[in-house]
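Reading the structure
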Amino acid sequence: MAAIYSLYIINKSGGLIFYKDYGSAGRMDTNDSLRVASLWHSMHAISQQLSPVAGCSGIELLEADTFDLHCFQSLTGTKFFVVCEPGTQHMEALLKVIYELYTDYVLKNPFYEMEMPIRCELFDINLSLTVQNERVALLGR
């Protein structure tokens, strides 16, 4: 069983610009993935406003019985979040590596338009390698 179920990238407006499913059970259709991304964007924004701590950046970890959701928000407002098995470690580091891949292969691509869905082969290839390496590392821990 995979430790990482899925990866989402949401633009600063709350639009889903990338979705990848790594789990074998319970695959979502396109509409469901759009709903999840929109819901997470809204919850993240509301949590920033309701937080009693000044300068709160929003929810970074949501723990449930059957999954954990780890979120990283870049300075530009783009959100990266991964849904994984409960108790999976080192997801924050993985999200930062995914952000580096995003900056290297998507933002530096002269054909990519900001805030639009990501369709970049080099990003896909390197993302798959990164997630595969993370799975191997998780099995070894």
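Everything below is about the structure printed above this text.
Here the structure is a predicted model, which is why all the values come from computation and not from measurement.

**A short note on the nonpolar core**
Judged by nonpolar contacts, the single largest core of 22 residues is most densely connected at Tyr 102, Ile 118, Phe 123 and Leu 127. Elements represented by at least two residues in this core include exactly β1 (4-10), β2 (16-21), β5 (79-84), α2 (91-107) and α3 (121-140). Counting residues per element, this core draws most heavily on α2, which supplies 7 residues. In this view, Tyr 102 contacts Ile 17, Thr 78, Phe 80, Leu 107, Tyr 112, Ile 118 and Phe 123; residues no more than four positions away in its chain are not counted. Listed in part, the 9 residues of the second largest apolar core include Tyr 8, Ile 10, Trp 40 and Leu 69.

**A few points about the environment of Cys 120**
Structurally, the position occupied by Cys 120 is in the loop between α2 and α3. For the pair Cys 120 and Leu 101, spaced 19 residues apart in sequence, the C-alpha separation works out to 11 Å. Residues contacting Cys 120, with those up to four places away along its chain left out, are Tyr 105, Val 106 and Asn 109.

**A short note on the packing of aromatic side chains**
Here the structure, examined in full by the defined rule, presents 9 aromatic pairs. Centre to centre, the rings of Phe 80 and Tyr 99 are 5.5 Å apart; their planes meet at 80°, and the pair counts as edge-to-face. Of this pair, Phe 80 sits in strand β5 while Tyr 99 is found in helix α2, placing the two residues 19 residues apart along the sequence. Grouped by ring-pair contacts, the aromatic residues Tyr 8, Tyr 19, Trp 40 and Phe 81 constitute a single cluster.

**Comments concerning the pattern of salt bridges**
Per the stated rule, a full pass over the model turns up 2 salt bridges. Here Arg 35 makes a salt bridge to Asp 32, at a shortest N to O gap of 2.4 Å. Taken together, the residues span about one helical turn, with Arg 35 and Asp 32 both in helix α1 (residues 30-50) at a distance of 3 residues. Given the relative accessible area of 51%, Arg 35 is considered exposed.

**Thoughts on the environment of Leu 127**
Summarising the element assignment, Leu 127 is placed in helix α3. On the accessibility criterion, Leu 127 (1% relative accessible area) is buried. A C-alpha to C-alpha distance of 21 Å links Leu 127 and Asp 29, two positions 98 residues apart in sequence. Setting aside chain neighbours within four positions, we find Leu 127 in contact with Leu 7, Phe 18, Tyr 22, Ile 98 and Leu 101.

**Topic: the state of the cysteines**
Considering all chains together, one arrives at 0 disulfides under this definition. This cysteine, Cys 71, is not joined by any disulfide, and Cys 56 carries the nearest cysteine sulfur, 11 Å off.

**Some points on α2**
Structural remark: α-helix, 3.6 residues per turn; residues separated by three or four positions point the same way. Along its 17 residues, α2 runs 22 Å from first to last C-alpha, staying within 8% of the 24 Å computed at 1.5 Å per residue. When we look at burial in α2, the residues that qualify are Met 91, Leu 94, Leu 95, Ile 98, Leu 101, Tyr 102, Thr 103 and Val 106.

**Here we look at the sheet that holds β2**
Read across the sheet, 5 strands follow the order β2-β1-β5-β4-β3 without closing on themselves; strand pairing throughout is antiparallel. Edge strands, defined here as strands with exactly one partner in the open sheet, are β2 and β3 (61-63). Put simply, the sheet's adjacent strands are angled 10° from each other on average, direction ignored. Alignment of β1 against β5, held across 6 bridges, turns out to be antiparallel. Following the sheet pairing, Tyr 8 is matched in β5 by Phe 81. In the packing of α2 onto the sheet, the strands contacted are β1, β2, β4 (68-73) and β5, and the crossing angle to β5 comes to about 135°.

Reading the values: rules and limits
- Residues numbered from 1 in each chain as written.
- Predicted model: local features only at pLDDT ≥ 70, side-chain atom pairs only at ≥ 80, totals over all residues.
- Heavy atoms only, no water.
- Core = buried A, V, L, I, M, F, W, Y, C linked by side-chain atoms within 4.5 Å.
- Buried < 20%, exposed > 50% of the residue type's maximum accessible area, 1.4 Å probe, protein only.
- Helix = DSSP H or I, 4+ residues; strand = E, 2+ residues; numbered from the N terminus.
- Contact = heavy atoms within 4.5 Å.
- Phe/Tyr/Trp six-rings, centres within 6.5 Å; stacked < 30°, edge-to-face > 60°.
- Salt bridge = Lys/Arg side-chain N within 4 Å of Asp/Glu carboxyl O.
- Disulfide = S-S within 2.5 Å.
- Expected span 1.5 Å × (residues − 1).
- Pairing = 2+ DSSP bridges.
- Axes fitted to C-alpha atoms, helices over the stretch in contact; angles between N-to-C directions.

Interpretation in functional terms is not warranted from these geometric data alone.
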